[in-house]
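As a plain string of letters, each chain reads:
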There are 2 protein chains.
Amino acid sequence: MVSQDMIKLGTAKSVIRELAAFGAARSAVVGAENVLDFSLGNPSVPAPKEVQDAIVDIIKNNEPKVYHSYSSGAGHDACRTAIANNLNKRFGTDYTKDNLLMTCGAAASLNIVFKALIASNDDEIMVLAPFFPEYTVWIEGHGAKQVLVPCKDDMQLNVEGIREALTPNTKAIIVNSPNNPSGVIYTKEEVEQLCALLVEKSKEYGHPIYLITDEPYRELVLIDGLEVPFIPNMYDNTVVCYSWSKSLSLPGERIGYVLVPNKVEDKMVMAAVAGAARVLGYVCAPTLLQMVIERCVDVDPDLTVYKKNRDLLYDGLTKLGYRVAKPAGAFYLFIEAPDGDSEKFSEKAKAYDMLVVPGTGFGSKAHMRLSYCVETEKCEKSLAVFEKLMAEYK
Amino acid sequence: MVSQDMIKLGTAKSVIRELAAFGAARSAVVGAENVLDFSLGNPSVPAPKEVQDAIVDIIKNNEPKVYHSYSSGAGHDACRTAIANNLNKRFGTDYTKDNLLMTCGAAASLNIVFKALIASNDDEIMVLAPFFPEYTVWIEGHGAKQVLVPCKDDMQLNVEGIREALTPNTKAIIVNSPNNPSGVIYTKEEVEQLCALLVEKSKEYGHPIYLITDEPYRELVLIDGLEVPFIPNMYDNTVVCYSWSKSLSLPGERIGYVLVPNKVEDKMVMAAVAGAARVLGYVCAPTLLQMVIERCVDVDPDLTVYKKNRDLLYDGLTKLGYRVAKPAGAFYLFIEAPDGDSEKFSEKAKAYDMLVVPGTGFGSKAHMRLSYCVETEKCEKSLAVFEKLMAEYK
C-alpha cells in the first residue's frame, strides 16, 4: 500500500553503512585510533576559523529575525551577489544574483536540476563511470533513464564512448570533476572534445544537451598550478551544482547553489529550477548559513593535509605495486584490486581493521575507493597493511 | 524541452509575493513603520535566547567536525532521543529515536511523507479547506490527486463532508491544527468523530487511511487551558510532520521531523520515509541546528505578543462587524470580506497601505488571511483602517 520503491530504497543494503557499523564495533574493542577507516567522505580538515567567527559575529550583532527568518526561495540577495562576484573574479564571468538559486547542498541542487530538466520518461541522463552512486537513485526517482558510459582506463573522459551512447533522448550529461570516487580531474583537452561533440549533437538533434556539472570538489585541487576547466565558459548549456560541504568542510549544514548562466539557450531553465525547488519542498536554503557564505565565500580551503595524504598514499601504493588512477583532486583514491575483485579485497582488509569501499556501486568492481580525509598517521599505518594484503595475492 | 510543469510552478503568479513587492515599494515612500503588512508568516517573536546561547556554546566548546559533519540520514541519535523524551513527557507516549527522522522543516517532512505513501496515480490525498496552498503543489508533484473538502462555516471539521468524499483510493487526509490560515484548533470531539470514521472506512476498504498531521503550530495555543488533541494517541495510522519554524521562530533554518509511531500498522512506513528522504536529496537535516534542538526542545515559545494581538484584533474586528473564525492558535485570522469578495477587499486595503492576503488560494474566496505575527502597534493602527473599509461597504 505504501510506495514499494521507497521501501526498497529505505532498506537497501549499504556497503558504506555496513563498513561504518563494523568500524564502530571494532573501535569499541581496539580503540578508534586503531581502526583505519577510509570509508567516508566527511572532511577531516575542520571548517576554517572564519566560519565560526562569522556565525558568532552574526548572532552577537543582529536580532534573531535577521538571520533566522525565511529568505526568498532563491536566497538572500547579498549572499547570491557575493557568490556571483567571487565567480566573476575567478572565471571572468558576468554573473549576478539572478543566475543563482541557493540550495540545501549539492544533493538538493542535483535533484532540483533533474526535476527541472526531465520532462518525459524517455529522457536519458548520461552518467560517466566511476560515479557517485546516489545519481542513479535520483535520476530514476525523477522518472528518467540512466545511461552509463565508462571512462577510459586512466579514468579520463571517454569521448568516443559518449558519442556512441548519445541518442536524441539524451537530456543531459553529469560531469563530476574532481571526481568522486577517482580523484581524477578531467583534462581541458578532453572536456573541450566533449563540448565540441555536444555542440555537434545538439545541432543534429535539434535541441540542447545539457551539461550538469556536480562541483563540490572544485576547490580541492591537489596539484599546484593545475586548473579545473570551468565548463560554463566552454559550453553554453551548462548548469552548475555546487556545495560547500567539502571546500569549507560543512557537509552537515546543507548549503550550496544551482548556477544557470545567461548563456543557457532556453531562457526558462531558471524558472523551471525555481519551480522544481518549490515542488520538492525546498522552501529556502538555511538562512544563517547563507549569511555565513556571504562572508566566507572568498576563504580558500586548507589543502595541506589532503596533499600530504595524497602524496604519501599514491607514492606508497604505486611502490607496492598497486595500480591507482592518478588523483589530482578531491580526497579519494580509486585503487585496482590485485585480482580485480574489490569486494574480496575489502573483506580481507577488515581483518586488519582497515575499511575501504568496494567500487561496485561506483561503477567498477575492480576498484575500491579510499577516502583519505583522515589523520595522516592513519595513512602511514595503512601502507603496512596494504603491503601485507599485496603479499597475500602473491 | 525542459519540464513545462516546473516552468509553470516557477513563474506562477503569487499573490503574497506581489503584496510583498507592493509593501516594499510603499515602505520606501512612507517608511516601513507605516505599512501595515499582515501578509507573511514570518514569526515576529524572536527565537528565544536559549537558541542563540546554544549555538554560541556549541561552537565555543566543540571542534567544528562535531557540529558540521554529516549526521546519519535519520539524524543525530541524541537529538532524536531528546525529542522522543519531550513528546513522551507531554503526551504519555513511548517513542524512541527510531520513531523519528529529522528533516529540513515541515515542507520537507510533508514531501517525504507524500513520496513515501503515494504508490499510484490513483491515490487521493484529502485536504480540508481552508488550507496551506502549497499542499496542492506537493500532492500533484508526487503524482496523486488532491480531494478538497470544505470545513464548516466555523472552520471546524466537516466530518460528514469527509465521509462523502472518502473513496477506496483515499490514501491519507492532511490535518493542520492549529490551522493556517484560519487559526482554528479542531475540537477533540470532532477529531474523535473523524478518527472513528477512518477506523470504520479503513476496515471497509481493507487498507489503512493515514492521517498526516502538519503541526508547525502545535505549540502556538493562544487560549489558556485549551489543548490541541494529540492525534497519534487517538488514531493509530497517524504520521506527524513537525517544524520549529514557528514554535522556536526558526523558519529560515529548515529544521523539523517526521514521526512514525509504532502503532502505525504497516511496519514498513518508516523505511519508506527513509527511502523518500533519500530519493528527494534530503541527505540529512542541518547538523548544527540538530544539536541546538537537542538542547532547546523543552523551551516553550513566548506567546505573550501573539495573545495580545489576537485579542486586540479579534475583539476589535468583531466589534466593527467583521465575521471572523474564532482563532485559538497559530497567528492567523481568517476574516470574511463584507461582500464575500476578499480579492476586492485586499485591493481596497492597499489604498491604506494595509496588506491582507485574499483567501482564494487557501480555499475560500470570501475570506482573507491576516498574519498577526507583527508589532502590536500595527494591529492597533489597523483597526482604524478596518473601520474605514467597513464604512466603504455601507
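It should be emphasised that the depicted structure is a prediction, and the values quoted were computed from it without experimental measurement. (Residues numbered from 1 in each chain as written. Chains lettered and ligands numbered in written order. Predicted model: local features only at pLDDT ≥ 70, side-chain atom pairs only at ≥ 80, totals over all residues. Heavy atoms only, no water.)

## Let's talk about the domain arrangement of chain A
Residues and elements named next belong to chain A. For clarity, the threshold we go by: What marks off one domain from the next here is an automatic or database domain assignment. Contact criterion: two residues are considered in contact whenever any of their non-hydrogen atoms come within 4.5 Å of each other. Summed over both partners, buried area is the accessible surface (1.4 Å probe) that two parts give up on being assembled. For this analysis, a salt bridge means a side-chain nitrogen from Lys or Arg found within 4 Å of a carboxyl oxygen belonging to Asp or Glu. Polar contacts, as counted here, are pairs of nitrogen or oxygen atoms within 3.5 Å of one another; within protein the pair requires one atom able to donate a hydrogen and one able to accept it, and residues that are adjacent in sequence qualify only if both atoms are side-chain atoms. Secondary structure is summarised from DSSP: a helix means a run of H or I of at least four residues, a strand means a run of E of at least two, and numbering begins at the N terminus for each.
Assigned domains within chain A: domain 1 (4-47 + 302-392) and domain 2 (50-296). Listed as interface residues are 27 residues of domain 1 and, on the opposing side, 31 residues of domain 2. Of the roughly 2,300 Å² buried at the junction of domain 1 and domain 2 (both faces included), carbon and sulfur atoms supply 66%. A per-residue breakdown of the area domain 1 buries against domain 2 is headed by Ala47, Ala328 and Phe362, which together make up 25% of the total. There are one salt bridge connecting domain 1 and domain 2. Residues aspartate 224 and lysine 307 are paired through a salt bridge, measuring 2.8 Å at the closest nitrogen-oxygen approach. Run the count over domain 1 and domain 2 and you get 11 residue pairs in polar contact (both at pLDDT 80 or more). For the side of domain 1 that touches domain 2, the secondary-structure elements that each account for two or more residues are helix H12 (304-319), strand S9 (332-336) and strand S12 (367-371).

## A few points about the interface of chain A and chain B
Keep this limit in mind: Amino acids are sorted into nonpolar (Ala, Val, Leu, Ile, Met, Phe, Trp, Tyr, Cys and Pro), charged (Asp, Glu, Lys and Arg) and polar (every other residue, Gly among them).
Contact with chain A, which involves 71 residues of that partner, is made by 71 residues of chain B. Buried area between chain A and chain B, summed over both chains or domains, comes out near 5,800 Å², and the portion from carbon and sulfur atoms is 64%. Three residues stand out in chain A for area buried against chain B, namely Met1, His68 and Arg278 of chain A, and they jointly supply 13% of the buried area on that side. Linking chain A with chain B are two salt bridges, by the criterion used here. For the salt bridge of arginine 278 of chain A with glutamate 134 of chain B, the shortest nitrogen-to-oxygen distance reads 2.7 Å. At the level of elements, helix H1 (4-11), helix H3 (49-61), helix H4 (64-68), helix H6 (106-117), helix H7 (134-141), helix H10 (269-279) and helix H11 (287-296) of chain A are the ones that each hand at least two residues to the side of chain A that touches chain B. Among the elements that make up the side of chain A that touches chain B, the one with the highest residue count is H10 of chain A (eight residues). For the side of chain A that touches chain B, the class distribution of residues is 42 nonpolar, 19 polar and 10 charged.

## Notes on the relation of the copies chain A and chain B
Convention followed: Here the copies were fitted onto each other by least squares, based on C-alpha atoms from residues at pLDDT of at least 70 in both.
After a rotation of 180° and a shift along the axis of 0.0 Å, chain A superposes on chain B with an RMSD of 0.0 Å. When the rotation and shift are considered jointly, the pair of chain copies conforms to a two-fold rotation axis. Within chain A, the C-alpha atom positioned nearest to the axis of rotation is that of valine 56 of chain A, 3.0 Å from it. Taken together, the interface assignments show that 100% of the residues at the interface of chain A recur at the interface of chain B, consistent with an identical surface on both copies.

## Let's talk about the sheet that holds strand S5 (residues 170-175) of chain A
Residues and elements named next belong to chain A. How we decide: In this analysis, strands are considered paired if DSSP registers two or more bridges between them. Fitted lines through C-alpha atoms serve as axes, helices being fitted only where they are in contact, and the angles separating the N-to-C directions of these axes extend from 0 to 180 degrees.
Ordered by their spatial adjacency, seven strands build an open sheet running S2-S8-S7-S6-S5-S3-S4, and the pairing between neighbours is mixed. Looking at the sheet topology across the chains shown, the edges are occupied by strand S2 (100-103) and strand S4 (145-150). Across the sheet, the axes of successive neighbouring strands diverge by a mean angle of 20°, strand direction being ignored. In this sheet, S5 lies alongside strand S3 (residues 124-129) in parallel orientation, the contact comprising four bridges.

## Observations regarding a negative patch on the surface
Residue and element names in this part refer to chain A. Stated precisely, the cut-off is as follows: In this scheme, patches are assembled from residues that exceed 30% relative accessible area and form no salt bridge. Like charges are connected within 9 Å, while nonpolar side chains (Val, Leu, Ile, Met, Phe, Trp, Tyr) are connected within 5 Å. Working definition of accessibility: Shrake-Rupley area with a 1.4 Å probe, residue cover restricted to the visible protein chains. Positive residues here are Lys and Arg, negative ones are Asp and Glu, while His and the chain termini are left out of the count. To locate a charge, the coordinates of NZ of Lys, CZ of Arg, CG of Asp or CD of Glu are taken. Note on classification: 1.4 Å probe, protein chains only; a residue is buried when its accessible area is under 20% of the maximum for its type, exposed when over 50%, partly exposed between these limits.
On the surface, a cluster of negative charge is made up of Glu33, Glu375, Glu377 and Glu380. Mapped onto the elements, glutamate 380 comes out in helix H14 (residues 376-392). Overall, the relative accessible area of 44% leaves glutamate 380 in the partly exposed class.

## Notes on the side chain of glutamate 190 of chain B
By the secondary structure assignment, glutamate 190 of chain B is in helix H9 (residues 188-205). With sequence-adjacent residues up to four places away left out, glutamate 190 of chain B is seen in contact with Lys152, Gln156, Leu157 and Val159 of chain B.

## Remarks on helix H5 (residues 77-91) of chain B
Residues and elements named next belong to chain B. To be explicit about the condition: Expected span of a helix: the number of residues minus one, times 1.5 Å.
For H5, built from 15 residues, the straight-helix expectation of 21 Å at 1.5 Å per residue is met to within 8% by its first-to-last C-alpha distance of 21 Å. Buried residues of H5: Cys79, Arg80, Ala82, Ile83, Ala84, Asn86, Leu87, Asn88 and Phe91, and no others. Just downstream of H5, glycine 92 is the residue with a positive phi angle, here 65°.

## Regarding the UniProt feature "domain: Aminotransferase class I/classII large" (unreviewed entry) in chain A
Rule in force here: UniProt positions are given in the numbering used here, feature names are shortened, and annotations may be inferred rather than shown by experiment.
With numbering aligned to this structure, UniProt lists the feature "domain: Aminotransferase class I/classII large" (unreviewed entry) at residues 34-383 of chain A. With 38% helix and 15% strand, residues 34-383 of chain A has end C-alpha atoms that lie 14 Å from one another.

## Some points on the packing of aromatic side chains
Residues and elements named next belong to chain A. Spelled out, the test is: Pairs were defined over the aromatic rings of Phe, Tyr and Trp, the Trp ring being its six-membered one, requiring ring centres within 6.5 Å. Orientation was assigned from the angle between planes: stacked under 30 degrees, edge-to-face over 60, tilted for the rest.
Counted under the stated rule, the structure contains 32 aromatic pairs over all chains. With centroids separated by 3.8 Å and ring planes inclined at 0°, the aromatic side chains of phenylalanine 91 and phenylalanine 230 adopt a geometry described as stacked. Residue phenylalanine 91 is located in helix H5 (residues 77-91), and its partner phenylalanine 230 is located in the loop between strand S6 (210-214) and strand S7 (238-243); the two are separated by 139 residues in the primary sequence. Relative accessible area serves as the criterion here: at 8%, phenylalanine 230 is assigned to the buried category.

## Re the packing of H12 of chain A against H14 of chain A
All names here are of chain A. Selection criterion: By the definition adopted for this analysis, an angle is roughly parallel if under 35 degrees, roughly antiparallel if over 145, roughly perpendicular if from 65 to 115, and oblique otherwise.
Between H12 and H14, the least distance of the axes is 9 Å, while the angle of their chain directions is 10°. Judged by the inter-axis angle, H12 sits roughly parallel to H14. Here Val305, Lys308, Asn309, Leu312, Leu313, Gly316 and Leu317 of H12 lie close against H14, whose contacting residues are Thr376, Cys379, Glu380, Ser382, Leu383 and Phe386. Tallied by class, the residues present in the contact of H12 with H14 amount to seven nonpolar, four polar and two charged.

## A short note on unusual backbone geometry
All names here are of chain A. The omega torsion across alanine 129 and proline 130 is 5°, close enough to zero to call that bond cis. Relative to the elements of secondary structure, proline 130 occurs in the loop between S3 and H7. One non-glycine residue with positive phi stands out, namely alanine 330, at about 55°. Residue position: alanine 330 is located in the loop between H12 and S9. On the accessibility criterion, alanine 330 (0% relative accessible area) is buried. A positive phi angle is found at aspartate 353, which is not glycine, with a value near 60°. Position of aspartate 353 among the secondary structure elements: in the loop between helix H13 (342-350) and strand S10 (354-355).

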